[in-house]
Amino acid sequence: SLFGLVPPPVAGTWSHQELVDAARGGGVASVQIAPQHDVVIAVSTSGRRYATPMLDDDFPTLLLETTRPDGSYPFAVLPMDESR
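Residues numbered from 1 in each chain as written. Predicted model: local features only at pLDDT ≥ 70, side-chain atom pairs only at ≥ 80, totals over all residues. Heavy atoms only, no water.

### Details of the nonpolar core
Generally speaking, a soluble globular protein has its nonpolar side chains buried in company with each other.
Step number 1: Trp-14, Leu-19, Val-28, Val-31 and Phe-59 are the most contacted members of the largest nonpolar core, which totals 16 residues.
Step number 2: With four residues, helix α1 (residues 16–24) is the single largest residue contributor to this core.
Step number 3: Excluding residues within four positions of it along the chain, Trp-14 makes contact with Leu-19, Ala-22, Val-28, Ala-42, Ser-44, Tyr-50, Ala-51, Thr-52 and Pro-53. (Core = buried A, V, L, I, M, F, W, Y, C linked by side-chain atoms within 4.5 Å. Buried < 20%, exposed > 50% of the residue type's maximum accessible area, 1.4 Å probe, protein only. Helix = DSSP H or I, 4+ residues; strand = E, 2+ residues; numbered from the N terminus. Contact = heavy atoms within 4.5 Å.)

In structure tokens, the structure reads:
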């Protein structure tokens, strides 16, 4: 990223199932609905960013699919950045 002000470019795309599998495997550090909507940006534990096409309304389903037995998520859920 540029001095921490601009996020790094998107490294690639993940399908919904690839995102779920990566999250369950501990490979996702954070998820966020993208400002342009209907896309989720996931940041891997190695810092790479991946886009997953997903309707905003389906985001809660992703959270349910990846919730751990103790009720926590395996990643940070970031609020949508309205300024971008």
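### Regarding the sheet that holds strand β2 (residues 28–33)
In a beta sheet, neighbouring strands pair by backbone hydrogen bonds and run either parallel or antiparallel.
Step number 1: Taken together, the five strands give an open sheet; going across it, the order is β1-β4-β3-β2-β5, and neighbouring strands pair in mixed fashion. Among the strands making up the open sheet, the edge pair consists of β1 (10–13) and β5 (76–77).
Step number 2: In the sheet, β2 pairs with β5 via two bridges, with the strands oriented parallel. Pairing of Val-31 across the sheet is with Val-77, part of β5. (Pairing = 2+ DSSP bridges.)

### Overview of the packing of α1 against helix α2 (residues 59–66)
Step number 1: Viewed as axis vectors pointing N to C, α1 and α2 meet at an angle of 40°, and their least axial separation amounts to 10 Å. Overall, the two elements α1 and α2 adopt an arrangement that is oblique. For α1 against α2, the interelement crossing comes out right-handed. Two secondary-structure elements touch here, α1 through His-16, Leu-19, Val-20, Ala-23 and Arg-24 and α2 through Leu-62, Glu-65 and Thr-66.
Step number 2: Classifying every residue of the contact of α1 with α2 by side-chain character gives four nonpolar, two polar and two charged. (Axes fitted to C-alpha atoms, helices over the stretch in contact; angles between N-to-C directions. Parallel < 35°, antiparallel > 145°, perpendicular 65-115°, else oblique. Left-handed = near helix turned anticlockwise from the far one by under 90°. Nonpolar A, V, L, I, M, F, W, Y, C, P; charged D, E, K, R; others polar.)

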